[in-house]
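Summary of structural features
Given next are the chains, with one letter for each unit.
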Amino acid sequence: YVQRLFVISPGEKVEKGEALLSVYSPELLTSERELVTLLDQRRGEGVNEMTHRLIEAAKFRLHQWNVSEEQIAELEKSRKPQETLALYSPFRGIVAKVSVSQGENIKIGDTLVEVVDLSKVWVWGDFYETEIPLLRQGQNVAVTSIAYPGRIFQGTIALVDFFLDSTKRTGRA
């Protein structure tokens, strides 16, 4: 279940590592408890190959839940399973879509929150057919936009599409 939403609408800016939502799952709680039990068992028995493999398998299951290394390390240290799991933004960006609401039941594979990484943006430009021979892959370009008056964005041509639009007689890069 979505326990709490920290972002609610598209267009919100998020930083890398910022919490997007928290979820509650009995299966997740069971996986955390399993890891804690195995860690306690290892402490009592000493280092045992089988216990070591079971601990690694329990950590792998937690990774499948998108539990970070830091969260697993905290669980190993505190030995206190958390009722909820916070899911964090993997990068700085903009929320493109929030597909769930607070309290909603979710399942594996559901898209919860989409965050768009705007550190690199692809821009297609249309060029007249006589300008196409002047364009080269790797060439530096400056792009302006009406949406951002006075700003100049620097970039590099990654691809020149040599197929022309027969109506407009333009190609794209």
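A few points on the structure.

Definitions and cut-offs
Residues numbered from 1 in each chain as written. Predicted model: local features only at pLDDT ≥ 70, side-chain atom pairs only at ≥ 80, totals over all residues. Heavy atoms only, no water. 1 Å grid on protein atoms, 1.4 Å probe; cavity = no way out; pocket = protein on both sides within 12 Å on 5 of 7 lines; lining within 4 Å. Points joined across faces, edges and corners; volume = space filled by probe spheres on them. Helix = DSSP H or I, 4+ residues; strand = E, 2+ residues; numbered from the N terminus. Nonpolar A, V, L, I, M, F, W, Y, C, P; charged D, E, K, R; others polar. Phe/Tyr/Trp six-rings, centres within 6.5 Å; stacked < 30°, edge-to-face > 60°. Buried < 20%, exposed > 50% of the residue type's maximum accessible area, 1.4 Å probe, protein only. Lys NZ or Arg CZ within 6 Å of the ring centre and 35° of its normal. Core = buried A, V, L, I, M, F, W, Y, C linked by side-chain atoms within 4.5 Å. Contact = heavy atoms within 4.5 Å.

**Quick word on the layout of surface pockets**
- A volume near 1,100 Å³ is recorded for the largest pocket.
- Lys120, Val121, Trp122, Val123 and Phe153 are the residues nearest the centre of the largest pocket, which is lined by 31 residues in total.
- Those elements giving two or more residues to the lining of the largest pocket turn out to be strand 2 (13-14), strand 5 (93-98), strand 8 (140-145) and strand 9 (148-156).
- Taken together, the residues of the lining of the largest pocket break down into 17 nonpolar, eight polar and six charged.
- Its volume calculated, the second largest pocket comes out at about 650 Å³.
- If you trace the second largest pocket, you find 26 residues lining it, with Trp65, Asn66, Leu87, Ile106 and Leu112 closest to the centre.

**Comments concerning the packing of aromatic side chains**
- Within this structure, the stated rule accounts for one aromatic pair.
- A ring pair is formed by tyrosine 148 and phenylalanine 153, whose centres lie 5.8 Å apart and whose planes are at 80°; its orientation type is edge-to-face.
- The exposure class of tyrosine 148 is partly exposed, given its relative accessible area of 46%.
- By relative accessible area, phenylalanine 153 is classed as partly exposed at 31%.
- Its guanidinium or amino end placed over the ring of tryptophan 124, arginine 172 lies 3.8 Å from that ring's centre, counting from NZ or CZ.

**What to know about the nonpolar core**
- By size, the foremost hydrophobic cluster in this structure holds 26 residues, and its most contacted members are Val7, Leu20, Leu21, Leu35, Leu62 and Val113.
- For this core, the elements supplying multiple residues, two or more each, are strand 1 (2-5), strand 3 (19-24), helix 1 (26-45), helix 2 (49-64), helix 3 (69-78), strand 4 (84-88), strand 5 and strand 6 (113-116).
- With five residues, the top contributor of residues to this core is helix 1.
- Excluding anything up to four places from it in sequence, leucine 20 contacts Leu5, Phe6, Val7, Val14, Leu87, Tyr88, Ser89, Val113 and Val115.
- Ranked by size, the runner-up nonpolar core spans five residues in total, among them Ile132, Leu135, Ile157 and Val160.

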